[in-house]
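# Reading the structure
Residue-level listing of the chains:
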Amino acid sequence: MGIETILNEKEEQWQELLKDCLSCDKCVLHNTRNKVVFGKGSHEAKIMFIGEAPGESEDREGLPFVGRAGKLLDKYMTFADFTLDNVYIANILKCRPPQNRDPDQSEQDNCIDYLRLQTKLIDPKIIVCLGRIAAMRIIKPDFRITSEHGAWFRKGSIYMTAIYHPSALLRDSEKKADAVIDFKSVREKAVELRIL
Ligand code: URA
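Residues numbered from 1 in each chain as written. Predicted model: local features only at pLDDT ≥ 70, side-chain atom pairs only at ≥ 80, totals over all residues. Heavy atoms only, no water.

## Observations concerning the pairing of strand 4 (residues 126-130)
Here strand 4 lies mainly inside the structure; 5 of its 5 residues are buried. The alternating pattern of strand 4 places Ile-126, Val-128 and Leu-130 and Ile-127 and Cys-129 on opposite faces, both of which are buried. Across 4 bridges, the pairing between strand 2 (residues 47-51) and strand 4 is parallel. Each residue of the ladder has a partner; that of Ile-50, found in strand 4, is Cys-129. Taken together, the 5 bridges between strand 4 and strand 6 (residues 158-163) define a ladder with parallel strand orientation. By the bridge assignment, Leu-130 is partnered in strand 6 with Ile-163. (Buried < 20%, exposed > 50% of the residue type's maximum accessible area, 1.4 Å probe, protein only. Helix = DSSP H or I, 4+ residues; strand = E, 2+ residues; numbered from the N terminus. Pairing = 2+ DSSP bridges.)

## What about the side chain of Glu-148?
Summarising the element assignment, Glu-148 is placed in helix 7 (residues 145-148). For Glu-148, a relative accessible area of 15% corresponds to the buried category.

## Remarks on the pattern of salt bridges
Going through the model one piece at a time under the given rule, you end up with 9 salt bridges. Residue Glu-107 is joined to Arg-101 by a salt bridge in which the shortest nitrogen-to-oxygen separation is 2.7 Å. Using a relative accessible area of 34% as the deciding quantity, one classes Arg-101 as partly exposed. Residue Arg-137 is joined to Asp-109 by a salt bridge in which the shortest nitrogen-to-oxygen separation is 2.7 Å. With Arg-137 in helix 6 (residues 132-138) and Asp-109 in helix 5 (residues 105-122), the pair connects residues that are 28 residues apart, well separated along the chain. For Arg-137, a relative accessible area of 25% puts it in the partly exposed group. The class of Asp-109 is partly exposed, set by a relative accessible area of 43%. Among the charged side chains, a network of salt bridges with common partners joins Lys-140, Asp-142 and Glu-148. (Salt bridge = Lys/Arg side-chain N within 4 Å of Asp/Glu carboxyl O.)

## Some details on helix 1 (residues 3-22)
The α-helix winds at 3.6 residues per turn, so residues separated by three or four positions along the chain end up facing the same way. Given a rise of 1.5 Å per residue, 20 residues ought to cover 28 Å, and the 29 Å separating the end C-alpha atoms of helix 1 matches this to within 8%. Listing the buried residues of helix 1 in full gives Trp-14, Leu-17 and Cys-21. Buried positions in helix 1, seen along its axis, are confined to an arc of 65° and lie on one side of it. Across helix 1 from its buried face, at more than 90 degrees, point the exposed residues Glu-4, Glu-12, Glu-16 and Lys-19. Of the surrounding elements, those touching the buried residues of helix 1 are strand 3 (87-91) and helix 5. (Expected span 1.5 Å × (residues − 1). Arc of directions from axis to C-beta. Contact = heavy atoms within 4.5 Å.)

## Examining the site of the ligand
Lining the immediate surroundings of the ligand are Gly-51, Glu-52, Ala-53, Glu-58, Pro-64, Phe-65, Asn-91 and His-165. Taking Ala-53, its main chain carries an N or O atom lying 3.0 Å from a nitrogen atom of the ligand. Within the side chain of Asn-91, one N or O atom sits 2.8 Å away from a nitrogen atom of the ligand. Here the ligand, which alone exposes 240 Å², has 93% of that area covered by the protein. Here the residues of the shell around the ligand sort into 3 nonpolar, 3 polar and 2 charged. (Near = heavy atom within 4 Å. Polar contact = N/O pair within 3.5 Å; in protein donor to acceptor, adjacent residues only side chain to side chain. Areas by Shrake-Rupley, 256 points an atom, 1.4 Å probe, with all protein chains shown as cover. Nonpolar A, V, L, I, M, F, W, Y, C, P; charged D, E, K, R; others polar.)

Set out below in structure tokens:
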């Protein structure tokens, strides 16, 4: 099979997944959402950033990390040479929980297969969890963001780490120095793996 055929098949799988996600009614959040927030970035990325759930701006625009936290994330991304041409960004939940409350377990369970399929299609070498909720779901259930942010974990061929959620940095600017160190570490790992 030629490379073009493989790429076309992959794009078809992306389109199918997007279509399923846009019409999802597996949990109550579909009643209150304005837009499904599927993901953004390159389908050829080798690095995935995974957040928690859409907030108000994301729900309005249908894209992850476009609000205040997203603007701050953009700054760290630029600092580390990451752009939407070399990363893919998605969330654990594709719909906004009312009042931005934490996603509950059953909402996560209903939604996680979309992220699994996105991850399978991307086939990343690095996954960066943004905050505690994503780290607990993706790295380990007892993840402690305060003591374990920036640490590296390996699952099969994927290197994983978690950094402070940009909303946490907005609330407590003392954490920003740690975020700089963690972003540097992600950049170094990407260079080491020759994906940047
Ligand atoms: N917080 C998240 O975790 N994800 C978004 O997309 C926006 C804010």
